[in-house]
Amino acid sequence: MNRKYTLLLATAILAAPGSRGMAHHAFVTEFLPDQEGEVEGRVTEVLWANPHIRYGVDVQLDDGSTEVWFLQPPGNLPRYRREQWYEDTVQVGDYVRATGNLGRNGMKRLYATCIYLESGRQLGTCVAQGFTTAVSADPNVDYTVTTNDYEVDISGYWMNRYNFRATVDDLEPKPMPFTPESRAIYESRQFGDDHVLRCLAPGLPRIFGSPYSMEVLDGGTHYFMLFLQNNSPRWVWMDGRSAADDHPLTSMGFSTGRWEDRMLVIETTHLEPGWLDGSGYPMSGGDGTRIVERWTVAEDGLTMDRIMTIHDDLYTEPLVRTRGSQRADAADGLMESPVCDPNGHYRDLYERGLLEDTLYR
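These figures come from a predicted structure and were not determined experimentally.

Section: the environment of Gly274
Here Gly274 is to be found in strand E14 (residues 274–275). Judged by relative accessible area, which is 18%, Gly274 ranks as buried.

Some thoughts on the pairing of strand E11 (residues 232–237)
Sheet topology places strand E10 (residues 222–227) next to E11; six bridges connect them, and they run antiparallel. From the neighbouring strand, Tyr223 faces E11, where its bridge partner is Val236. The antiparallel pairing of E10 with E11 creates a hairpin that spans four residues between the two strands, and Asn230 there sits at a positive phi of about 60°. Here E11 runs beside strand E12 (residues 254–260); their pairing, made up of two bridges, is parallel. Paired with Trp237 across the bridge in E12 is Thr256.

A closer look at the environment of Ile53
Looking at the secondary structure, you find Ile53 in the loop between strand E2 (31–47) and strand E3 (54–60). Residue Ile53 is classed as buried on the basis of its relative accessible area, which comes to 0%. When the C-alpha atoms of Ile53 and Leu71 are compared, they prove to be 8.4 Å apart, with 18 residues separating the residues in sequence. With sequence-adjacent residues up to four places away left out, Ile53 is seen in contact with Leu47, Trp48, Leu71, Gln72, Pro73, Leu77, Tyr80 and Trp85.

Some thoughts on the packing of aromatic side chains
Scanning all chains against the criterion turns up ten aromatic pairs. Ring geometry for Tyr186 against Tyr281: centres 4.6 Å apart, planes inclined by 10°, an arrangement best described as stacked. Linking Tyr186 in helix H3 (residues 180–187) with Tyr281 in the loop between E14 and strand E15 (282–283), this pair joins segments that are 95 residues apart in sequence. Taken as a pair, Tyr186 and Tyr281 share a single burial class, namely buried. Each member of the aromatic cluster is reached from another via a ring pair, and the members are Phe178, Tyr186, Tyr281 and Tyr315. Over the ring of Phe70 we find Arg54; its NZ or CZ atom is 4.3 Å from the centre of that ring. Sitting over the ring of Tyr186, Arg189 keeps its end group 3.8 Å from the ring centre.

Quick notes on the rules
For every chain, the first residue of the written sequence is number 1, and numbering continues from 1 onward in sequence order. Where totals are concerned, whole chains, interfaces and linings use all residues; where local detail is concerned, this predicted model gives features only for residues with pLDDT of at least 70, and gives and counts side-chain atom pairs only at 80 or more. As a convention, hydrogens and water are excluded, and side-chain values are obtained from all of the structure's heavy atoms. The secondary structure listing takes helices from DSSP runs of H or I that are at least 4 residues long and strands from runs of E that are at least 2 residues long, numbered from the N terminus. Residue burial is assigned from relative accessible area. The probe radius is 1.4 Å, only protein chains are included, and a residue is buried under 20% of its type maximum, exposed over 50%, and partly exposed in between. Strand pairing follows a simple DSSP-based rule, namely that at least 2 bridges must link the two strands. Should any heavy atoms of two residues lie within 4.5 Å, those residues are considered in contact. Two rings from Phe, Tyr or Trp (for Trp, the six-membered ring) form a pair when their centres are within 6.5 Å of each other. A pair whose planes differ by under 30 degrees is stacked, one over 60 is edge-to-face, and the rest are tilted. When the NZ atom of lysine or the CZ atom of arginine is within 6 Å of a ring's centre and also within 35 degrees of its normal, the charge is said to sit over that ring.

None of the figures reported here should be taken as evidence of function without further support.
Laid out in structure tokens, this is it:
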């Protein structure tokens, strides 16, 4: 059969609760539970992002023309990582075949429950359903959280407007110690490049300078920190562990901590590339970035001076940002942050004629 798109089933395949179709939170609004198809072609685009990844595929038709189809597998990035499915598992130029549910209203989309690679590997729910069917917890392990008897207790609610200043061009030293590469990146930035305006998590090092409050909890093996900006969580491991070999790059990275008298020293690696601040100074991320924070708690325990040092290959010297925090009652402001809405940002892009380029680059 020459045409590489086929309607496989015209009979009803009702998606009962718990089936692969209904596992997708918007499945029935985007795809047809009673019609499955097959798409085969060359990968032209890889969009690797939560909540759904997407592969663009060029499909050759019988008449020699080409259709662009998009494969949208079920699941999310944490699930794919458990299945050893990474951003480079399927690459532009690869030839793939996929089966799954067709898109509604004639949309050239496939809910790709199974993707077949040229190597013979299969990806999707045809390989792993993603559900735990048996108890795997070890009965000999105590999974409960036990706090530590540290000399200094930082657990509780902190307001970060103490010694605050805007996180724009606030890094020392001045002038910025650019390398030629970072200067070129900085000078080429354009309106709309800031990922925070799209409501993506600011991550480190930017959230360090945020005026939004935070809560710190002692989780025994780690500190759990909840920053109210973007409702962002952070884990600082205190048990001496190292990052796993396949630990992904994330907005908060992988953080380890230790106490030195009244100072908590936190080191962070495995950060995504991004911006150091709102003015667009670039951060290399990955092996090129390491951040060291020193949180010094006052003798009375009511305030905390925080100093961040950023070591990044894009700069000839380390960069320093300073902030502070003070104790407060949780009732003074510990509440879920209002959801971020990128509508205003996309309207700005539209009015400048930049929307299409920003969406598809």
